[in-house]
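One-letter residues, chain by chain:
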Amino acid sequence: MARHDLSDFRHVHAFDDGNVAGERRLWIVVAITAVTMVAEIVGGWITGSMALTADGWHMGTHVAALGIAAISYRLARQWSSDARFTFGTWKTEVLGAYSSALLLAVVAVAMVVESIRRLVSPEPIDYVPALVVALVGLVVNLASALLLGGHDHGHGHAHGGDAGHRHGDLNLRSAYVHVLADAFTSVLAIAALAAGLYAGWAWLDPAMGIVGAVVIGWWAKGLIAESSRVLLDREMDSPVVADVRRAIECDGDAEIADLHVWRVGRERYACALTIVAREPLEAAKYRARLGPVAAVAHASIEIHRCPHYNCP
C-alpha cells in the first residue's frame, strides 16, 4: 500500500525552550562553589582547622545539588529532539529539582541530628577560625544568589487562565534555595559564634543549627511538593481545566465526558479529551475552540455522537 505524506499532521513535541541563561549562570555558581570547597578542604588540612574542613565538605553537598540542577538542564537540551520522549524533556529539569530538594531535606535532617548531639555533649569551639569560615561562606553564597537572580524561580500570576498558580523554573529555583539556605545558615552561624566568642553563649551555636535546619526543611518541603505535583501529573485542580471545558462546551451541545490535563512545560499543558455531542463537529473545529486557551500546547481529541435516545 502506498504511503501518504503525513508531514502536515505532525508537529514537534518539544513544548519548552529551556532556560539557557539560567543554565549558564548555574554553571558559574557550580564552579565558584567547587573552588571554594577545594580551597576550604585544602586550607583545613594545612592549618589543621576542623571547622574549615567541615565547611568545605558541607560545600561539597551543595556542589552535588547544584551539579544535579546543571546536568538536568544539559540533558533536557541534549535529548530535546529525541522522539522517545513523547512530550518533550522538560520534566528532566523538574526531576532535577525534586532530587535537589530531597538532598536539601537530607542536609536539614543531618543538621538537626548534629545540633542535638552538640547540645547534649558540648564540644569546644575555636571561634575565630569558625567565624572566618562562616564569613567566607556567606560572601560566596551571596555572590551565588546574585548570579542566579530571583526572577526565574516561579511566581504566582495570571497567564493563560492559570491565575494564582506558581509557574517558572523549578530547577533554577531549587538551586537558588540551596545557596539561599547556605547563606541563611551562615548568618545564623555568624550570630551564634559572635555570641559565643564575646558572651560565652556556647549553647547558641547548636541551637541556631536547629533553627536553620527547620527553615531549610520547610523550604525543601515546598520544593518537593511543587516538583512532585508536576512529576505525578496532579493538574486536574488547575484553572486551565475549567478553561478547556468552557471553550469546548461553549455551544451548549458538546460535552466533555473524559478529560486529562498535564504539564509539558513551565506554562504549557497537554490534554486528552473525549467529546460527546448530539451533532458532533470535526475535530479541527473543536481544536480551534482551544486556540484562546494559550496554555494548551497539545490536544488529543476523541469525538462521539450521543448514543442515548433521549439526547437533548
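Notes on the overall build of the protein
So, step 1. Scanning the protein from N- to C-terminus turns up 8 helices and 5 strands.
So, step 2. Looking at the protein as a whole, 43% of its 312 residues qualify as buried.
So, step 3. In the protein, 71% of the contacts between residues at least 6 apart in sequence involve partners at least 24 apart.
So, step 4. Within the structure as shown, the protein displays about 16,500 Å² of accessible surface, and the carbon and sulfur contribution to it stands at 64%.

Concerning the nonpolar core
So, step 1. Among the nonpolar cores identified, the biggest contains 21 residues, and Val240, Ile248, Leu259, Cys271 and Leu273 are the most heavily contacted of them.
So, step 2. For this core, the elements supplying multiple residues, two or more each, are α7 (239-248), β3 (255-265), β4 (268-277) and β5 (296-305).
So, step 3. In contact with Cys271, other than residues within four places in its own chain, are Leu259, His260, Val261, Trp262, Leu290, Val296, His298, Ala299 and Ser300.
So, step 4. Listed in part, the 12 residues of the second largest apolar core include Val29, Ala70, Tyr73 and Ala145.

Thoughts on a nonpolar patch on the surface
So, step 1. Nonpolar side chains collect at one region of the surface, where Ile116, Leu119, Val120, Trp201 and Trp203 lie side by side and expose about 540 Å² of accessible area between them.
So, step 2. Following the sequence through the fold, Trp203 ends up in the loop between α5 (170-199) and α6 (204-231).

Notes on the confidence of the model for the protein
So, step 1. Per-residue confidence for the protein averages 80 on the pLDDT scale, and 83% of its residues sit at or above 70.
So, step 2. In the model of the protein, strand β1 (residues 156-157) stands out as the element of lowest mean pLDDT, 38, in contrast to α7, which has the highest, 95.
So, step 3. Across residues 154-166, confidence stays below pLDDT 50; counting only partners more than four residues off in sequence or on other chains, it has 35 contacts.

Thoughts on unusual backbone geometry
What is expected of a backbone is that most residues other than glycine have negative phi and most peptide bonds are trans.
So, step 1. The phi angle at Asp233 is positive, at roughly 55°, despite the residue not being glycine.
So, step 2. Turning to its location among the elements, Asp233 is positioned in the loop between α6 and α7.
So, step 3. Look at Asp233 and you get partly exposed, because its relative accessible area is 33%.

Description of the pattern of salt bridges
So, step 1. For the coordinates displayed, the defined rule picks out 12 salt bridges.
So, step 2. Residue Glu23 is joined to Arg77 by a salt bridge in which the shortest nitrogen-to-oxygen separation is 2.6 Å. Taken together, the residues Glu23 in helix α1 (residues 20-47) and Arg77 in helix α2 (residues 50-78) connect sequence positions 54 residues apart.
So, step 3. A residue is classified by how much of its surface remains accessible, and Arg77, at 44% relative accessible area, is partly exposed.
So, step 4. Put simply, Arg117 and Glu114 hold a salt bridge, and the shortest N to O gap is 2.7 Å. You can see Arg117 and its partner Glu114 sitting in helix α3 (residues 90-120), 3 residues apart, about one turn around the helix.
So, step 5. In this structure Arg117 comes out as partly exposed when scored by relative accessible area, which is 38%.
So, step 6. Several salt bridges converge on common partners, so that one network encompasses Arg229, Arg234, Glu235 and Asp237.

Regarding the packing of α3 against α6
So, step 1. Contact geometry for α3 and α6: axes closest at 8 Å, N-to-C directions at 160°. The orientation of α3 with respect to α6, classified from their angle, is roughly antiparallel. As α3 runs across α6, the sense of the crossing is left-handed.
So, step 2. Taken together, the residues that form the contact of α3 with α6 break down as 22 nonpolar, 6 polar and 2 charged.

A short note on the packing of aromatic side chains
So, step 1. In the structure shown here, the tally under the stated rule is 2 aromatic pairs.
So, step 2. Positioned over the ring face of Trp218 is Lys221, at 5.0 Å from the centre of the ring.

Here we look at helix α4 (residues 127-148)
So, step 1. With 22 residues, α4 should reach 32 Å at 1.5 Å per residue; the first-to-last C-alpha distance of 31 Å fits that figure.
So, step 2. Restricting attention to buried positions, one finds in α4 the residues Tyr127, Ala130, Leu131, Val133, Ala134, Gly137, Leu138, Val140, Asn141, Ser144, Ala145 and Leu148.

Some words on the sheet that holds β5
So, step 1. Taken together, the 3 strands give an open sheet; going across it, the order is β3-β4-β5, and neighbouring strands pair in mixed fashion. Strands at the two margins of the open sheet, each flanked by one partner only, are β3 and β5. Recorded for the sheet is a direction-independent mean angle of 10° between the axes of neighbouring strands.
So, step 2. Sheet topology places β4 next to β5; 9 bridges connect them, and they run parallel. Paired with Val276 across the strands is His304, a residue of β5.
So, step 3. Docked against the sheet, α7 engages β3, β4 and β5, running at close to 135° with respect to β3.

Considerations on α5
So, step 1. Over its 30 residues, α5 extends 42 Å from the first C-alpha to the last, a length consistent with the 44 Å expected when each residue adds 1.5 Å.
So, step 2. For α5, the side-chain oxygen to backbone nitrogen distance between the N-cap and Asn171 is 3.0 Å, and the N-cap itself is Asp169.
So, step 3. Once α5 finishes, Gly200 follows within two positions and takes phi at roughly 75°, a positive value.

A look at the pairing of β4
So, step 1. With 7 of its 10 residues buried, β4 lies for the most part within the structure.
So, step 2. Direction of pairing for β3 relative to β4: antiparallel, over a ladder of 9 bridges. In the strand pairing of β4, Glu255 is matched with Val276.
So, step 3. The antiparallel pairing of β3 with β4 creates a hairpin that spans 2 residues between the two strands.

Thresholds applied
- Residues numbered from 1 in each chain as written.
- Predicted model: local features only at pLDDT ≥ 70, side-chain atom pairs only at ≥ 80, totals over all residues.
- Heavy atoms only, no water.
- Helix = DSSP H or I, 4+ residues; strand = E, 2+ residues; numbered from the N terminus.
- Buried < 20%, exposed > 50% of the residue type's maximum accessible area, 1.4 Å probe, protein only.
- Contact = heavy atoms within 4.5 Å.
- Areas by Shrake-Rupley, 256 points an atom, 1.4 Å probe, with all protein chains shown as cover.
- Core = buried A, V, L, I, M, F, W, Y, C linked by side-chain atoms within 4.5 Å.
- Patch = residues over 30% accessible without salt bridge, like charges linked within 9 Å, V, L, I, M, F, W, Y side chains within 5 Å.
- Salt bridge = Lys/Arg side-chain N within 4 Å of Asp/Glu carboxyl O.
- pLDDT = per-residue confidence, 0-100.
- Axes fitted to C-alpha atoms, helices over the stretch in contact; angles between N-to-C directions.
- Parallel < 35°, antiparallel > 145°, perpendicular 65-115°, else oblique.
- Left-handed = near helix turned anticlockwise from the far one by under 90°.
- Nonpolar A, V, L, I, M, F, W, Y, C, P; charged D, E, K, R; others polar.
- Phe/Tyr/Trp six-rings, centres within 6.5 Å; stacked < 30°, edge-to-face > 60°.
- Lys NZ or Arg CZ within 6 Å of the ring centre and 35° of its normal.
- Expected span 1.5 Å × (residues − 1).
- Pairing = 2+ DSSP bridges.
- Polar contact = N/O pair within 3.5 Å; in protein donor to acceptor, adjacent residues only side chain to side chain.

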